[in-house]
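Chain by chain, the residues run as shown.
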Amino acid sequence: MVTSSELSRDSDLFVPDSRRAWIRLAVAVLIGSLGSVGMWSVVVALPVVQTEFAASRGTASLAFTMIMLGFGSGAVLTGKITDRYGIVTAIGLGIGILGLGYVVAGMSTSIWHFILVHFAIGLSSSATFGPLMAEASHWFDRYRGLAVAVAASGNYIGGAIWPPVVNYAIETTGWRTTHIGLGIFTAVAMTLALIALRMLMGAGGQRDHENAPPPRVDLRLSTNALTAILSLAAIACCVAMSMPQVHIVAYCGDLGYGVARGAEMLSLMLGFGIISRIGSGFLADKIGGIRTLLIGSVAQGTALLFYLFFDSLTSLYVISAMFGLFQGGIVPSYAIIVREAMPASEAATRVGIVIFASVFGMSFGGWISGAIFDATGSYMAAFENGLAWNALNIGIMVLLLMRARKRLAMA
């Protein structure tokens, strides 16, 4: 049995669930919060950029689509890099691309220039989400679900902080200066945080999956089959999830409340999402990832339904908080399921594939919601579209849970 005092004397020794594991997790959350700026800045900048380039809502929304496609592609790529070379290498490669991407975005000469560069921004942000969740799962055994959820919370902590900060910066200095400033700041801050994580992990801890705890659950499905099923479910849930997250700022502007109110609602939504993510981690450690995901999906559908019937300023604040509280734990649950049922040596890659599917759903959902608005002049049909996709996700989770019960009963 290795004690904490022994750990302090030998930086290469590591015990799951130890004090050092929690310190690593704290640094990982900081990195995730900084890296998540790529997902949230474009949501706030969308109305301003749309106006400057005289673009349609659907066209401007393609910037978010490119963020998601880059994020998804990068999740697979950085997942493979993490499994082979370690999380430090994966994040280090992304930092330079993120900083450069924001500088180039701030110098965009056309809407299509602005849209395309967001693929690189999304790509560079990807290592700070899926691979970090997979990496955190190797540091814990007893509290694995909680650790994965906490690691994923960096994305929502950033989502709660970045929208109002970016909105203020745009109002004060303009969107171009804001993007250039974001590139410089995030590159410097993330580099310092990554150095700290590298010191905590030590030279012998580059690939923590080599000594990670084994899978807990046997679903009697091949890893490829389970990956495909989870990917389809992720697409469905994230098409539904994207409607409020991508368009709440523009929606509030259309209702006459102003984009600043929409940015506040987005911040509120993601702030409550932090609570949901951490809560889902506790729940997953008790009842498992599949059941946790199902509960979150049902709750998300309930919040979407409320958007159809209420559009006053107060009600939108309340529903946005509810939406964040209900759906925040969904995406981390996929990573928890992967680690419950798949080998640790391929966890980051498998999580990356499912994250790619989820961001494809987010990108498609963000675009189709804008296209539906352009066609109908209203977001009501877009909310209904989200509900339909959410129902598909619920159905998949129910079937997977029924299959798991049947297989386990036969064991």
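Residues numbered from 1 in each chain as written. Predicted model: local features only at pLDDT ≥ 70, side-chain atom pairs only at ≥ 80, totals over all residues. Heavy atoms only, no water.

- If you look the chain up in an unreviewed UniProt entry, it shows as MFS transporter from Bradyrhizobium icense.

**So, the overall build of the chain**
Argument step 1. Scanning the chain from N- to C-terminus turns up 16 helices and 0 strands.
Argument step 2. Relative to a compact globule of 411 residues, whose C-alpha radius of gyration would be 22 Å, the chain shows 20 Å and is just as compact.
Argument step 3. Each of the three principal axes of the chain carries a C-alpha extent, and together these read 65 × 50 × 35 Å.
Argument step 4. Counting over 411 residues, the chain shows a buried share of 57%.
Argument step 5. Residue pairs in contact within the chain that sit at least 24 positions apart in sequence constitute 84% of those at least 6 positions apart.
Argument step 6. When the accessible surface of the chain is split by element, carbon and sulfur atoms take 68% of a total near 15300 Å².
Argument step 7. Counting 24 positive and 20 negative side-chain charges, the chain places the centres of these two groups 8 Å from one another. (Helix = DSSP H or I, 4+ residues; strand = E, 2+ residues; numbered from the N terminus. Rg over C-alpha atoms; globule rule 2.2 N^0.38 Å. Buried < 20%, exposed > 50% of the residue type's maximum accessible area, 1.4 Å probe, protein only. Contact = heavy atoms within 4.5 Å. Areas by Shrake-Rupley, 256 points an atom, 1.4 Å probe, with all protein chains shown as cover. Lys, Arg positive; Asp, Glu negative; His and termini not counted. Charge placed at Lys NZ, Arg CZ, Asp CG, Glu CD.)

**Here's the deal with a nonpolar patch on the surface**
Argument step 1. Residues Ile 184, Val 188, Leu 192, Ile 195 and Met 199 make up a contiguous nonpolar surface patch of about 540 Å² in total accessible area.
Argument step 2. Relative to the helices and strands, Ile 195 is located in helix H9 (residues 175–201).
Argument step 3. Accessibility expressed as a relative area gives 45% for Ile 195, which makes it partly exposed. (Patch = residues over 30% accessible without salt bridge, like charges linked within 9 Å, V, L, I, M, F, W, Y side chains within 5 Å. Salt bridge = Lys/Arg side-chain N within 4 Å of Asp/Glu carboxyl O.)

**Considering empty space enclosed by the protein**
Argument step 1. Applying the stated criterion to the full structure yields 1 cavity of 30 Å³ or more.
Argument step 2. The space that makes up the largest cavity amounts to roughly 130 Å³.
Argument step 3. Lining the largest cavity are 15 residues; nearest its centre among them are Met 39, Phe 129, Arg 277, Val 331 and Met 362.
Argument step 4. Residue assignment for the lining of the largest cavity shows that the elements contributing at least two residues are helix H3 (37–52), helix H4 (57–85), helix H8 (144–173), helix H10 (223–254) and helix H15 (347–376).
Argument step 5. In terms of residue class, the lining of the largest cavity is built from 11 nonpolar, 3 polar and 1 charged. (1 Å grid on protein atoms, 1.4 Å probe; cavity = no way out; pocket = protein on both sides within 12 Å on 5 of 7 lines; lining within 4 Å. Points joined across faces, edges and corners; volume = space filled by probe spheres on them. Nonpolar A, V, L, I, M, F, W, Y, C, P; charged D, E, K, R; others polar.)

**What to know about the state of the cysteines**
Argument step 1. Tallying each qualifying case throughout the model produces 0 disulfides.
Argument step 2. Counting only cysteine sulfurs, Cys 238 is the nearest neighbor of Cys 237, a cysteine outside any disulfide, at a range of 3.6 Å. (Disulfide = S-S within 2.5 Å.)

**Here we look at the pattern of salt bridges**
Argument step 1. Evaluation of the coordinates by the stated rule reveals 2 salt bridges.
Argument step 2. Across the pair Glu 52 and Arg 176 runs a salt bridge, and its minimum N-O distance is 3.0 Å. On the criterion of sequence distance, the pair formed by Glu 52 in helix H3 and Arg 176 in helix H9 is long-range, its members being 124 residues apart.
Argument step 3. For Arg 176, a relative accessible area of 28% translates into the label partly exposed.

**Remarks on the confidence of the model for the chain**
Argument step 1. Residue-level pLDDT values for the chain average 83, and 91% of them are 70 or greater.
Argument step 2. Looking across the chain, the model is least confident in helix H1 (residues 4–9), with a mean pLDDT of 41, and most confident in H9, with 92.
Argument step 3. Contacts of residues 1–11 to residues separated by more than four positions or lying in other chains number 12 contacts, the stretch itself having pLDDT below 50.
Argument step 4. A low-confidence stretch, residues 406–411 stays under pLDDT 50, and its non-local contacts, those more than four residues away or across chains, total 5 contacts. (pLDDT = per-residue confidence, 0-100.)

**Quick word on the packing of aromatic side chains**
By convention here, two paired aromatic rings are described through the distance between centres and the angle between planes.
Argument step 1. Applying the stated criterion across every chain yields a total of 14 aromatic pairs.
Argument step 2. Judged by centre distance (5.4 Å) and plane angle (85 degrees), the rings of Phe 114 and Trp 175 are edge-to-face. Here Phe 114, found in helix H6 (residues 111–125), pairs with Trp 175, found in helix H9; they are 61 residues apart in sequence, far enough to count as distant. Take Phe 114 and Trp 175: they sit in the same class, and that class is buried.
Argument step 3. Through a chain of ring-to-ring contacts, the aromatic side chains of Tyr 251, Tyr 307, Phe 323, Phe 373, Tyr 379 and Phe 383 assemble into a single cluster. (Phe/Tyr/Trp six-rings, centres within 6.5 Å; stacked < 30°, edge-to-face > 60°.)

**Re the nonpolar core**
Side chains of nonpolar character tend, in soluble globular proteins, to be buried together.
Argument step 1. Ranked by internal contacts, the top residues of the largest apolar core, which has 122 residues, are Ile 31, Met 133, Leu 230, Tyr 334 and Ile 355.
Argument step 2. When residues of this core are assigned to their parent elements, the largest contribution, 15 residues, is made by H10.
Argument step 3. Looking at which domains feed residues into this core, each of domain 1 (17–202) and domain 2 (213–410) supplies at least three. (Core = buried A, V, L, I, M, F, W, Y, C linked by side-chain atoms within 4.5 Å. Domains from an automatic or database assignment.)

**Here we look at the packing of helix H5 (residues 87–106) against H6**
Argument step 1. Interhelical geometry of H5 versus H6 gives an angle of 160 degrees and a closest axis separation of 8 Å. Between H5 and H6, the angle falls in the class roughly antiparallel. Here the hand of the crossing between H5 and H6 comes out left-handed. When H5 is examined against H6, the residues Gly 94, Ile 97, Leu 98, Gly 101, Tyr 102, Val 104 and Ala 105 are found in contact with a partner set consisting of His 113, Phe 114, Val 117, His 118, Ala 120, Ile 121, Ser 124 and Ser 125.
Argument step 2. Among the residues forming the contact of H5 with H6, the class breakdown is 9 nonpolar, 6 polar and no charged. (Axes fitted to C-alpha atoms, helices over the stretch in contact; angles between N-to-C directions. Parallel < 35°, antiparallel > 145°, perpendicular 65-115°, else oblique. Left-handed = near helix turned anticlockwise from the far one by under 90°.)

**Concerning the packing of H3 against H9**
Argument step 1. Where H3 contacts H9, the axes come no closer than 11 Å and their chain directions differ by 165 degrees. If you check the angle between H3 and H9, you find them roughly antiparallel. Crossing of H3 against H9: the hand is left-handed. Facing Val 37, Ser 41, Ala 45, Val 48, Val 49 and Glu 52 of H3, the residues of H9 in contact are Trp 175, Arg 176, His 179, Leu 182 and Thr 186.

**Overview of the side chain of Gln 50**
Argument step 1. Within the fold, Gln 50 resides in helix H3.
Argument step 2. Residue classification places Gln 50 among the buried residues on the basis of a relative accessible area of 15%.
Argument step 3. Not counting residues within four places of it along the chain, the set of residues in contact with Gln 50 comprises Ala 55, Ser 56, Arg 57 and Ala 60.

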